[in-house]
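# Survey of secondary and tertiary structure
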Protein chains: 2
Amino acid sequence: MANIPYKTYLTEQETPKQWYNLRADMKEQHAPLLNPGTLEPLSAEDLYPVFCEKLSQMEVDETTRYFDIPQEVQDYYKTFRPSPLVRAYNLEKALDTPAKIYFKFEGNNTSGSHKLNAAAAMAYYAKEQGLTSLTTETGAGQWGTALSMACAFYGLDLLVYMVKVSYEQKPFRKAVMETFGASIIPSPSDTTEVGKAILAKNPNTGGSLGCAISEAVEKSMSDDKCRYVLGSVLNQVLLFQSIIGIESKLAMDKLGEYPDVVVGCAGGGSNLGGLMSVYMQDKLLGKANTRFLAVEPASCPSFTRGKYAYDFCDTGRITPLAKMYTLGSDFMPSANHAGGLRYHGMSPILSKLYHDGYMEAIAVEQTKVFDAAVLFAKNEQILPAPESAHAIYGAIEEALKCKESGEAKTILFGLTGTGYFDMQAYMNYNEGKMSDHIPTDEELAQGFATIPNTGK
Amino acid sequence: MANIPYKTYLTEQETPKQWYNLRADMKEQHAPLLNPGTLEPLSAEDLYPVFCEKLSQMEVDETTRYFDIPQEVQDYYKTFRPSPLVRAYNLEKALDTPAKIYFKFEGNNTSGSHKLNAAAAMAYYAKEQGLTSLTTETGAGQWGTALSMACAFYGLDLLVYMVKVSYEQKPFRKAVMETFGASIIPSPSDTTEVGKAILAKNPNTGGSLGCAISEAVEKSMSDDKCRYVLGSVLNQVLLFQSIIGIESKLAMDKLGEYPDVVVGCAGGGSNLGGLMSVYMQDKLLGKANTRFLAVEPASCPSFTRGKYAYDFCDTGRITPLAKMYTLGSDFMPSANHAGGLRYHGMSPILSKLYHDGYMEAIAVEQTKVFDAAVLFAKNEQILPAPESAHAIYGAIEEALKCKESGEAKTILFGLTGTGYFDMQAYMNYNEGKMSDHIPTDEELAQGFATIPNTGK
């Protein structure tokens, strides 16, 4: 092996003390969140009933470039950070590519994913405001687990609305959250008005992320000491996830490396937005010309086949409207789609950057994603989450292009999580029972029909 | 927080390049392995039909103090090592103890445990000898997963006999092994003579580790390019696991720390033997007076209630005899016992050290173990394996003694693995359905009756 170590960890002294707000360097801001009734832009104060105050302020902040990470959050980060920057020597060898492949591995914590970075901050700010409980939703369960852990650490109660089909299929995910003290309700449920309405319309529904969001938001508003938190899509989430990119850049700086291309999986955009943050800053400031590649599931192709429009963030249509790439808030990926990355929308920041040509995106069928996952697992000895394997697929594609062209490009991808709770999908794959479903244009049209006409 | 960082990682340059063989410093050697037919001591050559040659030589080596770690194994270790040495500041605070608690976390890899340290070496030496396949057994699945990963890395076929009850209860463990390319057979099976005999006697048996060992050994002997490997108990395993202790000591040296007490869970002894290795060396050489504490399940109490005698390593009675603390090769822990640590015997090296007064041992009921696991999880944000939680329990007990006495002792324990595949046990615990079973003297007597009378 070469002089570059297999893994690079920052020391405790070297770890970032600030988050980076990409909006401060964007040439143009994304369109603001709108009140769904009046279609007027929302201020931080307008968000206070839903989000805690500090998070509301961060959500709309277009100018503050860096936010200090509170000491209490830095202390909590120490339990699961820094994450390693890994040179994928074994994958490079297996691919016989001249490319240099690096990945930032965010899955080495009990939540199994990068989501803990944001959960930590959100639970802390809720505690600081004197709140006693939080509500949220979870699909595959990574986010719910992360927030359960953070709430256990800061001493907050947590109520998680878990998409019913996941609740039933993933009892062990539920058990992890309960071990950390969270209460879990399958969604839709009769604990909210929106849940009751959805059940009345479709008693046998397996639920959706959008529906669980509606329930969690409604529930939080019934208690003054409770607020709602969301683990992706939002600007505040990308802010907290910037720690992935900042750490990556500090570690690569130590190695004298800089990525030619940054690859991430994209569902709501939290991981890719965080990983690429400071590299995109360089690009926006004209210091680098890095390519940014989002890899999304062909079964839920918000970037590659969605519309750039104002849409609701939830199925129940009680949240603000966000301008983003969307498949329509009623869109549901096919039931055979494994893992997460099933959200109908996309981070407004990433949507704007994609719309303005700063990023690329591809959509991949899941059998190809699992091919990449297993090749990676055998060589790099980490079992990736299906979500993360989308990024692996993208990185492998880039490395194979280098093999063809003979270029020794530097590829950085985000390995967001581990697949220990996704073994049913791996079993299906191992047994040749995995199938793909690419939505037809007609199926997409049904989702598009639910996008409201705001005229904006 | 103090100046000592929360986590300490060695750099690639600092990582150990040799394993340490504790036998080279023991005042007295443990009694040798015996041929079960002739009761004569076994040489390395005698073991060649079962183990590959290098491993056989290591198994009986009493004098070589250090073995070089082959470069190929060092390179493989880089994919999952070094492991962090963690200062458990949050647990200390929760316990309000003056003790300083450190743990060495070996669970941050896809196998979820320390077992990969030995699997790496064993697969490498098998490959080096020109073998094409290995057989082994697995109970809870940690060892089988580790060996699956190592065999995938070195390009060896692997056949795993999985205790039938685990095979049925843990399909996801099986799926992980299959993802890495291993073949899994529930044991007892009709693929071996010993399996057929056990099935004839008891068609509905759920199997046992001892029985799966018998099958794996028999199967390996039917193919000249195949050998058997065992993930615990053996001297070679303790040798490979010494990397845990060596890394711990190097990291603690950097911090200016030295443990007053070293705590580990004990099933077959591989983790505790590895963790304590170089600290026990200091004790044997009169350089330190560290206490060593083994924590075992009350339901399988080899150290605390077993006999120190020659016994078979397997239920089928086809392996050599080892002088060790044993409950009898027919002993089966109660079905309500969660996780691993269910082996009837104990490492001959640890057995000898315990017999000679160099170590202490306690046995703990599993509900108390899970109390400790959940307290740890909420504060240190790692979900431990039930096995590992025995060590947590022991460390907490020591820390609480310090609280009473006011002493600021330094405690080091081994956190061997994560509990992602043990959620059924956590669910039982969370729901108040976990029970304990301490074997009665009569139950133990039944096991003792199966210990052969060798007169030695």
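Preceding this paragraph is the structure being described.
Residues numbered from 1 in each chain as written. Chains lettered and ligands numbered in written order. Predicted model: local features only at pLDDT ≥ 70, side-chain atom pairs only at ≥ 80, totals over all residues. Heavy atoms only, no water.

Once that is clear, we can look at the packing of helix α15 (residues 366-380) of chain A against helix α16 (residues 386-405) of chain A. Residues and elements named next belong to chain A. For the pair α15 and α16, interaxial distance at closest approach is 8 Å and the crossing angle is 85°. The angle between the axes of α15 and α16 places the two elements in the roughly perpendicular class. For the pair formed by α15 and α16, the contact residues are Lys368, Val369, Phe370, Ala372, Ala373, Leu375 and Phe376 on the first element and Pro386, Ala389, His390, Ile392, Tyr393 and Ile396 on the second. Per-class residue counts for the contact of α15 with α16 are eleven nonpolar, one polar and one charged. (Axes fitted to C-alpha atoms, helices over the stretch in contact; angles between N-to-C directions. Helix = DSSP H or I, 4+ residues; strand = E, 2+ residues; numbered from the N terminus. Parallel < 35°, antiparallel > 145°, perpendicular 65-115°, else oblique. Contact = heavy atoms within 4.5 Å. Nonpolar A, V, L, I, M, F, W, Y, C, P; charged D, E, K, R; others polar.)

Next up on the list: the pattern of salt bridges. Applying the stated rule across the entire model yields 44 salt bridges over all chains. One salt bridge connects Glu106(A) with Arg81(A), and the closest N-O pair in it is separated by 2.7 Å. Here Glu106(A), found in the loop between β5 (100-105) and α5 (116-128), pairs with Arg81(A), found in the loop between α3 (71-77) and β4 (85-87); they are 25 residues apart in sequence, far enough to count as distant. Arg81(A) carries the same exposure label as Glu106(A), and that label is buried. Between Arg87(B) and Glu92(B) there is a salt bridge; the shortest N-O distance is 2.6 Å. No difference in accessibility class separates Arg87(B) from Glu92(B), as the two residues are buried. Connected via shared salt-bridge partners are Arg81(A), Lys104(A), Glu106(A) and Glu247(A). (Salt bridge = Lys/Arg side-chain N within 4 Å of Asp/Glu carboxyl O. Buried < 20%, exposed > 50% of the residue type's maximum accessible area, 1.4 Å probe, protein only.)

Residue and element names in this part refer to chain B. Strand order in this open sheet of seven strands is β1-β4-β5-β15-β10-β11-β14, and the pairing throughout is mixed. Across the chains shown, the open sheet's two edge strands, defined by having one partner strand only, are β1 (7-8) and β14 (360-364). As paired strands, strand β11 (residues 291-297) and β14 are joined by five bridges and run parallel to one another. Its bridge partner being in β14, Val295 is matched across the sheet by Ile362. Running over the sheet, helix α11 (residues 235-255) touches β1, β4 (85-87), β5 (100-105) and β15 (410-415) and is turned about 140° from β5. (Pairing = 2+ DSSP bridges.)

All right, on to the side chain of Lys283(A) then. Tracing the backbone shows Lys283(A) in helix α12 (residues 270-284). Filtering out sequence-adjacent residues up to four positions away, Lys283(A) remains in contact with Ala288(A), Asn289(A), Thr290(A), Arg291(A), Phe292(A) and Tyr358(A).

Here the focus is the relation of the copies chain B and chain A. Least-squares fitting of chain B to chain A yields an RMSD of 0.0 Å, with the transformation described by 0.0 Å of translation along the axis and a rotation of 180°. These values place the two chain copies in the arrangement generated by a two-fold rotation axis. Of the C-alpha atoms belonging to chain B, the one lying closest to the rotation axis is found on Asn108(B), 3.1 Å away. (Least-squares fit on C-alpha atoms with pLDDT ≥ 70 in both.)

Side chains that are three or four residues apart share a direction in an α-helix, a result of its 3.6 residues per turn. Residue and element names in this part refer to chain B. Between the first and last C-alpha of helix α15 (residues 366-380) there are 20 Å, a value that for 15 residues agrees with the 21 Å anticipated at 1.5 Å per step. Those residues of α15 that fall on the buried side of the exposure criterion are Gln366, Val369, Phe370, Ala372, Ala373, Val374, Phe376, Ala377, Asn379 and Glu380. Within two residues after α15, Gln381 carries a phi angle of roughly 65°, on the positive side. (Expected span 1.5 Å × (residues − 1).)

The next subject is the side chain of Gln74(B). All names here are of chain B. Within the secondary structure, Gln74 is located in helix α3 (residues 71-77). A polar atom in the side chain of Gln74 sits 3.0 Å from the backbone oxygen of Ile69. Once you skip the residues sitting within four places of it in the chain, Gln74 turns out to touch Lys17 and Ile69. (Polar contact = N/O pair within 3.5 Å; in protein donor to acceptor, adjacent residues only side chain to side chain.)

With that out of the way, let us pick up the environment of Gly139(A). Residues and elements named next belong to chain A. Relative to the helices and strands, Gly139 resides in the loop between β6 (133-138) and α6 (142-154). Spatially, the C-alpha atom of Gly139 lies 27 Å from that of Phe292, the residues being 153 residues apart in sequence. Those residues in contact with Gly139 that lie beyond four places of it in its chain are Met162, Val163, Ser166 and Leu209.

Attention shifts here to the pairing of strand β7 (residues 157-163) of chain A. All names here are of chain A. Counting buried residues in β7 gives six out of seven residues, a clear majority hidden from the surface. A crossover connection joins β6 to the parallel β7 through α6; in handedness this β-α-β unit is right-handed. Bridge count between β7 and strand β8 (residues 183-187): five bridges; the pairing is parallel. Looking at β8, one finds that Tyr161 is bridged to Ile185. (Right-handed = clockwise from strand over helix to strand, strands pointing away.)

This next bit is on the pairing of β6(A). All names here are of chain A. Extensive coverage of β6 is indicated by the burial of six of its six residues. Sheet topology note: the β6/β7 ladder contains six bridges and is parallel. Within β7, the residue paired with Ser133 across the bridge is Asp157. Bridging between β6 and strand β9 (residues 226-228) involves three bridges; their strand directions are parallel. Looking at the pairing, Leu134 lines up with Arg227 of β9.

Read these as layout, nothing more, since geometry by itself doesn't imply function.
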